[in-house]
Amino acid sequence: MHRDDEDIVELFVDSEDIDDLDASDLDEDLDEGFDPAEDDEQGQLTFSLDDDADEEEDTISAALAPGTPLVLFQRSHQHSTYLPTVISDGIHKHSGRVSIGVVAPLPRMTPEGIRRFFSKVEHVPVRIADPEAFARLDSFGDTLSVQRGGKPYIGPSTSKHWSYITDELPLGGTSAWVEQVVETQRSVGASVILTPGVWADSADSIRSLNTIRQHARWTHEACDEDEKVIVNITAPSSWLSTPSLRDRLLDELVDMDDNTFYLRLRWPLLAQPYGQPLDAKILDGYAEICNVLDENDKALILPNTGITGWVALAWGAHGFSTGVGTGERAFADTRVIRIKNRPRREPTRRTFVTPILHVTDVPTADRFNALPEVEECHCKFCRALRELPRGQFNKDLAGGHYLKNALDLTAEVTRHARGRRVAARQIVRDARGLVEAAKDRVPLVDNNNPRHLQLWSDRLR
Ligand SMILES: [Zn+2]
């Protein structure tokens, strides 16, 4: 052992950048267990509705049917105090234009934690308890652990509650196990049922596709007729970037009787903290798969895609999920970095700059927002942020601002008479125009540079 070892901290990050550490974010977000102190009254709703079961069923069907886009908010471990507020405000403001749902990462929460979360958002019809079966150690869990420096994706404090994650399982699973996954989702109050979503390895594509189909079949068998089933797929992004794999996947999804898919792809390490994928092949893959499923009247939901999920609405995606933490905004490879513990650097503060569709550091965001042609965000979270004593910052408020704007941007793409694609094209074009016009006054370089805008523009023609 090196004698300086105690001065070194190991962190894991999902971006290539090493000089500008925002590493603590990811570490906190995926920490084991939830802090009960966080569940205070601040974000709680002051009203609740008695659900009429039939009415809820209709609302769920409507939210999953192609047409009105669906925004899913995933509960993060920290800083999601204002999630219920964003949701109730959003329902009032965007009713009819956007459907809203919530996602709890099932095996990374306790049963009590999930029930408490769902009770705070009980008026939201689409409540998903994502089984995340890809995180089993015989699926993708081992790799996840390695990418996290040996720290398990599902820690022992929560995994002990979920035997479907830890039980031994023969290759391909069993109908009894799939039934257990279904029952577990029901037991915590999920209103729609996901198939398990084990890792669909692209190296063994035929078997992976068979498993997707078999698990969907078993899930339907385990469900009542009135329960809504979503086919849950977690897979490497090579399924999108390799044309032959993409075609095989598309053929399978189009051929299946199911109409709602929840497709989560593992992105390569991001180039920027809170960044977007910048691989043209992956984006081409998204554009094609969204378009084909849309044309076949199938609803494609892209979990953990953040603002990339938003632009995919223009290509034909039905919905996307995001959240406050970087792990909720992107399902991307992570890597371990080692940094000196002392003196411990203050992590860079970052926030979403809506007019340029990008997360920058806070000083840059402030300078950008102060430009005469930029309208300052007037949301309640930004107003509260501005009222903080000078030099202070609050991640919960910045998170509320991001979620609210992701929702508003979604509503905005539904407003154009010529459709979502034209609407998104205009928003992205305006963002690029603003960056260009401001380049001498507020140069956006390195992590502040919204490099994805050009790639998006090219795919919105
Ligand atoms: Zn704001």
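Here goes a summary of the coordinates provided. Here the structure is a predicted model, which is why all the values come from computation and not from measurement.

What counts, and where the lines are drawn
One numbering rule holds for all chains: residues counted from 1, following each sequence as written. The predicted origin of the model limits local features to residues at a pLDDT of at least 70 and limits the giving and counting of side-chain atom pairs to 80 or more, whereas totals for whole chains, interfaces and linings rest on all residues. Here, any two strands with at least 2 DSSP bridges between them count as paired. Only DSSP runs of H or I covering at least 4 residues are called helices, and only runs of E covering at least 2 are called strands; the numbering of each starts at the N terminus. Three exposure classes are used. Buried residues have 20 or more other C-beta atoms within 10 Å of their own C-beta, exposed residues have 12 or fewer, and partly exposed residues fall in between, all C-beta atoms being placed from the backbone. For the purpose of contact definition, each residue receives a C-beta atom placed from its backbone, and two residues are in contact when these atoms lie within 7 Å. Only the stretch in contact is used when a helix axis is fitted, and all axes are lines through C-alpha atoms; the angle between N-to-C directions ranges over 0 to 180 degrees. Roughly parallel refers to an angle under 35 degrees, roughly antiparallel to one over 145, roughly perpendicular to one between 65 and 115, and oblique to any angle outside these ranges. Here a crossing is called left-handed whenever its near helix is offset anticlockwise from the far helix by less than a right angle, and right-handed whenever the offset is clockwise. Handedness of a crossover: with both strands directed away from the viewer, a clockwise path from the first strand across the helix to the second marks it as right-handed. In a helix, the anticipated span is given by 1.5 Å times the number of residues less one.

## Description of the pairing of strand S11 (residues 350-353)
Across four bridges, the pairing between S11 and strand S12 (residues 358-361) is antiparallel. Counted as the bridge partner of Val353 is His358 from S12.

## Examining helix H13 (residues 306-315)
The element H13 is extensively covered by neighbouring structure, given that 10 of its 10 residues are classed as buried. Of the positions making up H13, those classed as buried are Gly306, Ile307, Thr308, Gly309, Trp310, Val311, Ala312, Leu313, Ala314 and Trp315.

## Quick look at the sheet that holds strand S9 (residues 319-322)
Read from one edge of the open sheet, eight strands run S4-S3-S2-S9-S8-S7-S6-S5, paired in parallel fashion. The outermost strands of the open sheet, each flanked by one partner alone, are strand S4 (126-130) and strand S5 (193-194). Relative to S4, strand S3 (residues 99-105) is paired through five bridges, and the arrangement is parallel. In the strand pairing of S4, Gly101 is matched with Val126.

## A short note on the environment of Gly189
Inspection of the secondary structure puts Gly189 in the loop between helix H8 (175-187) and S5. Along the primary structure Gly189 and Ile128 are separated by 61 residues, whereas in three dimensions their C-alpha atoms are 8.6 Å apart. Excluding its chain neighbours within four sequence positions, the residues that come into contact with Gly189 are Arg115, Phe118 and Arg127.

## Some thoughts on the packing of helix H11 (residues 243-255) against helix H12 (residues 280-295)
At a minimum axis distance of 11 Å, the contact between H11 and H12 shows a crossing angle of 20°. What the angle tells us is that H11 and H12 run roughly parallel. Here the hand of the crossing between H11 and H12 comes out right-handed. In this structure, H11 uses Arg246, Leu250, Leu253 and Val254 to contact H12, whose residues at the interface are Gly285, Glu288, Ile289, Val292 and Leu293.

## So, the packing of helix H17 (residues 395-413) against helix H18 (residues 420-437)
At a minimum axis distance of 8 Å, the contact between H17 and H18 shows a crossing angle of 125°. Between H17 and H18, the crossing angle belongs to the class labelled oblique. Residues Leu409, Glu412 and Val413 of H17 pack against Arg420, Ala423, Ala424 and Ile427 of H18.

## Some thoughts on the pairing of strand S2 (residues 70-74)
Buried residues dominate S2, accounting for five of its five residues. Across the two faces of S2 the burial is the same, with Leu70, Leu72 and Gln74 and Val71 and Phe73 all buried. For S2 and S3, the ladder comprises five bridges, and the chain directions are parallel. Its bridge partner lying in S3, Val71 is registered against Ile100. Running through helix H3 (residues 83-94), the crossover from S2 to the neighbouring parallel element S3 is right-handed. Taken together, the four bridges between S2 and S9 define a ladder with parallel strand orientation.

## Quick look at H11
Think of an α-helix as turning once every 3.6 residues; residues three or four places apart then point the same way. If you check H11, its first and last C-alpha atoms are 18 Å apart, about what 13 residues at 1.5 Å a residue would give, namely 18 Å. Tucked inside the fold, the buried residues of H11 contact helix H10 (238-241), strand S7 (260-266) and H12.

## A look at the environment of Ala190
Within the secondary structure layout, Ala190 lies in the loop between H8 and S5. Given 24 C-beta atoms within 10 Å, Ala190 falls into the buried group. Each C-alpha atom, one on Ala190 and one on Ala104, is 9.0 Å from the other, the two residues being 86 residues apart in sequence. Not counting residues up to four positions away in its chain, the partners in contact with Ala190 are Arg127, Ile128, Ala129 and Gln185.

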